[in-house]
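# Structural overview for review
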Amino acid sequence: MTRKTLKKLVPLIILFIVIYSINFGPIKEQRSRNNTSIEQPSPSEMVGTILNPQYFWIDHPFEISFRIGNEYLLNFTPYFAGETPLRWEIHHQLNGSRILNGTFSNATLISQNIAPNFTIDGFYYINLCFYTTNHLFNSSISVDVKERPSGQYFYTNPHEVENKILINQPSQMEWIPYFAGYSAQGWELFAGQMVEGNDPQHQLIYSGDYYDGVPFVLDIGNIFDTPGNYELILIFDTGEDQVFSYYFYYEVLAEEYSTYFEITHNSNIQFNLGQIQILEYTPHFSNYTPWRYEFSYIDTHSVLDMGSYVNAGFIQYNISQWFENPGNYTFKMTFLTKELRSFTANTTVEIFEQLEEDSTPPEWNDPINNITISVGTPININLNFSDSGGIASISTNDSSHISINETGFIRNSSTWNVGSFDINISIEDYSGNILIITISVFVLSTNVTETTSTSTTTNTETTEEPTNSTSSKSEANEFSSFSNIPGFQSQILGLSSLFILFRIYKKNKKDKLH
């Protein structure tokens, strides 16, 4: 081979190498993406067969009020698991200064008199902080500090004017009288049922002595025999022939028709190791005041989670991450109310051996390689996918032009311009196997019948009879769909370059022989 011939071959060799890199690089990348899988939780993160529980919940009032010079006990209780306690602190939210501090343990009441730390009346916020070895948990409390009365006065702590309870339900009410310039002569509680058109007939229920700043507790729930509306009057007598009266009202409900507490849940669940399984509880109730829930594992009597709840608000757990061995397990969800009632729901979980590893990606039934439409024509296509373990998710790389739902139905979300577009769609099963497909969309400026490589539809109400050219159109569409495969054009160009190299080599060899 002469030097002159070699110079002619160099550009063609470089072109062939570039085409080969472009052609086969994306294929290798796509194959590697098809083998990706979802990362599973490590067995080292589990304790025994159940995931180590970790939560922190603080039971405390969110609003408090007292007068300067009076005592106020702030009660709060921490509930936690998976944490090592260090200390608790109370801070002024405005300047961050620390008011009180101490140590704590799980489910243990802490009671602190915070009133001496406020000497000026006003509205404040304080932060309740709990420190563990790894985390800080805090919550905010609003404090309404009222000014100290001067001279002669008589008042009590705040109380609820209107209340609603169930028949035979305990309902404790705490009273704290504060007074100066008066001598205490005892208190009396009167109650009377309210009947429309008649004044309540009050009767004496309780009586006793009272002292300045000393609380006493009344169990109002024990005084009602029948449902209805009641008016109550608490009277404080003084030695100065002056009485101080406080009115409040109770609506007593009959439980059999006025209240309920139901829990929507699955009582029995079965699945194989490695499969995703969601456990859900939803409370539905009326005439109850929610407090907190506790989610526990009955076999070890351990609380796995704790928190607050609302009516019709669901609570979910992905329990498939908690197990590494097959077996039978029982969980209990308990909803506690401030009326000292508890409602429970049990779920039995049966777990079987893990199925054989699924390495097969989803299948695309009735594939569509390309679509031809005119400008302004909507796209409505239902892609048909199947997988033995189920389809976990379907997504697209072009959400600005199309939208796709969980069943594989595609529609355009915006108008397409004239041109050609490639839509990449990823279909993933629950084992992490991914199928990536490409659909080419050709948008023409003229009115055309919407076509695909496997089916033909029209936007008009009339249809044409098939002609003899159907087979030729089908062949053309088949070649068009084949030629739109990523890298196909590059392969043709690469083979052409190789063929030219071979012809130049033969010609050069022939010239040397002559």
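Residues numbered from 1 in each chain as written. Predicted model: local features only at pLDDT ≥ 70, side-chain atom pairs only at ≥ 80, totals over all residues. Heavy atoms only, no water.

Let us now look at the overall build of the chain. A count of helical and extended segments in the chain gives 4 helices and 37 strands. If you take every contact in the chain between residues at least 6 apart in sequence, the share linking residues at least 24 apart comes to 66%. Counting only carbon and sulfur atoms, one obtains 49% of the accessible surface of the chain, whose full area is about 30,500 Å². (Helix = DSSP H or I, 4+ residues; strand = E, 2+ residues; numbered from the N terminus. Contact = heavy atoms within 4.5 Å. Areas by Shrake-Rupley, 256 points an atom, 1.4 Å probe, with all protein chains shown as cover.)

Turning our attention to the sheet that holds strand S24 (residues 302–307). Strand order in the open sheet formed by 5 strands is S21-S27-S26-S23-S24, with mixed pairing between adjacent strands. At either end of the open sheet lies a strand with only one pairing partner, and these are strand S21 (268–272) and S24. On average, adjacent strands in this sheet sit at an angle of 20 degrees to one another, irrespective of strand direction. With 5 bridges connecting them, S21 and strand S27 (residues 342–352) associate as parallel partners. By the bridge assignment, Gln-270 is partnered in S27 with Glu-350. (Pairing = 2+ DSSP bridges. Axes fitted to C-alpha atoms, helices over the stretch in contact; angles between N-to-C directions.)

Further remarks concern the packing of aromatic side chains. Aromatic ring pairs are described here by two measures, namely the spacing of the ring centres and the angle between the planes. What the rule picks out here adds up to 51 aromatic pairs. With centroids separated by 6.3 Å and ring planes inclined at 70 degrees, the aromatic side chains of Phe-248 and Tyr-250 adopt a geometry described as edge-to-face. Each member of the pair Phe-248 and Tyr-250 is classed as buried. Over the aromatic face of Tyr-155 sits the side chain of Arg-67, whose NZ or CZ is 4.3 Å from the ring centroid. Looking at Arg-87, its charged tip hangs above the ring of Tyr-131, at a distance of 4.1 Å from the centre. (Phe/Tyr/Trp six-rings, centres within 6.5 Å; stacked < 30°, edge-to-face > 60°. Buried < 20%, exposed > 50% of the residue type's maximum accessible area, 1.4 Å probe, protein only. Lys NZ or Arg CZ within 6 Å of the ring centre and 35° of its normal.)

Bringing the nonpolar core into the picture now. In this structure, Tyr-281, Phe-295, Phe-323, Phe-331 and Phe-335 are the most contacted members of the largest nonpolar core, which totals 29 residues. Elements with a contribution of two residues or more to this core: strand S20 (260–264), S21, strand S22 (278–286), strand S23 (290–297), strand S25 (315–318), strand S26 (327–337) and S27. The next biggest cluster of nonpolar side chains, apart from the first, holds 25 residues, and it includes Met-173, Tyr-210, Phe-224 and Phe-244. (Core = buried A, V, L, I, M, F, W, Y, C linked by side-chain atoms within 4.5 Å.)

A contiguous nonpolar patch, built from Ile-276, Ile-278 and Tyr-430 and spanning about 280 Å² of accessible area, is present on the exposed surface. You can see Tyr-430 is positioned in the loop between strand S35 (419–429) and strand S36 (434–444). For Tyr-430, a relative accessible area of 42% gives the class partly exposed. (Patch = residues over 30% accessible without salt bridge, like charges linked within 9 Å, V, L, I, M, F, W, Y side chains within 5 Å. Salt bridge = Lys/Arg side-chain N within 4 Å of Asp/Glu carboxyl O.)

So, on to the sheet that holds strand S12 (residues 162–166). Taken together, 5 strands build an open sheet; the order of strands is S12-S19-S18-S15-S16 and the sheet is mixed. At either end of the open sheet lies a strand with only one pairing partner, and these are S12 and strand S16 (203–208). Adjacent strand axes in the sheet meet at a mean angle of 25 degrees, parallel and antiparallel pairs treated alike. In this sheet, strand S19 (residues 243–253) lies alongside S12 in parallel orientation, the contact comprising 5 bridges. Looking across to S19, one finds that Ile-165 is bridged to Val-252.

Mapped onto the elements, Ser-65 comes out in strand S4 (residues 63–67). Engagement of the side chain of Ser-65 in a polar contact is seen with the backbone oxygen of Asp-144, the distance being 3.3 Å. Once residues within four sequence positions are removed from consideration, Ser-65 is found in contact with Tyr-72, Asp-144, Lys-146 and Pro-158. (Polar contact = N/O pair within 3.5 Å; in protein donor to acceptor, adjacent residues only side chain to side chain.)

Along the chain, the position of Phe-236 falls in strand S18 (residues 228–238). Exposure remark for Phe-236: the relative accessible area of 0% places this residue in the buried category.

Our focus in this paragraph is the pattern of salt bridges. Inspection of the entire model under this criterion finds 4 salt bridges. Note that Arg-87 and Glu-89 form a salt bridge whose closest N and O atoms lie 2.8 Å from each other. With its nearest N and O atoms 3.1 Å apart, the salt bridge here joins Lys-146 to Asp-144. What emerges from the salt-bridge pattern is a single network uniting Arg-87, Glu-89 and Arg-98.

In this structure, Ile-402 sits in strand S33 (residues 402–404). Overall, the relative accessible area of 2% leaves Ile-402 in the buried class. Sequence separation between Ile-402 and Asn-380 is 22 residues; the distance between their C-alpha atoms is 9.9 Å. Non-local contacts of Ile-402, meaning those with residues more than four positions away in its chain, are made with Thr-396, Ile-410, Arg-411, Asn-412, Ser-413, Trp-416 and Ile-423.

Our focus in this paragraph is the side chain of Ser-171. The residue Ser-171 is located in the loop between S12 and strand S13 (172–175) in this model. Look at Ser-171 and you get buried, because its relative accessible area is 13%. Side-chain polar atoms of Ser-171 contact the side chain of Tyr-250, separated by 3.2 Å. Not counting the four nearest positions on each side in its chain, Ser-171 is found in contact with Ile-165, Leu-218, Asp-219, Ile-220, Gly-221 and Tyr-250.

Moving on: the confidence of the model for the chain. Model confidence for the chain is summarised by a mean pLDDT of 80, while 76% of its residues fall at 70 or above. Across residues 24–48, where pLDDT falls below 50, the model places 26 contacts with residues more than four positions away in sequence or in other chains. For residues 455–486, every residue scores under 50 in pLDDT, and the model assigns this stretch 20 contacts once sequence neighbours within four places are set aside. (pLDDT = per-residue confidence, 0-100.)

Another aspect to go through is the pairing of S25. Here S25 shows a clear split, with Ile-315 and Tyr-317 buried on one side and none of Gln-316 and Asn-318 buried on the other. With 4 bridges connecting them, S22 and S25 associate as antiparallel partners. Considered in S25, the bridge of Tyr-281 is made with Ile-315.

On to unusual backbone geometry. Here the phi dihedral of Ala-107 falls at roughly 55 degrees; this positive angle occurs in a residue that is not glycine. Relative to the elements of secondary structure, Ala-107 occurs in the loop between strand S7 (98–102) and strand S8 (110–113). Using a relative accessible area of 45% as the deciding quantity, one classes Ala-107 as partly exposed. A positive phi is found at Asp-241, a non-glycine position, where the angle reads about 60 degrees. Relative to the assigned elements, Asp-241 resides in the loop between S18 and S19. Overall, Asp-241 belongs to the exposed group, its relative accessible area being 77%.

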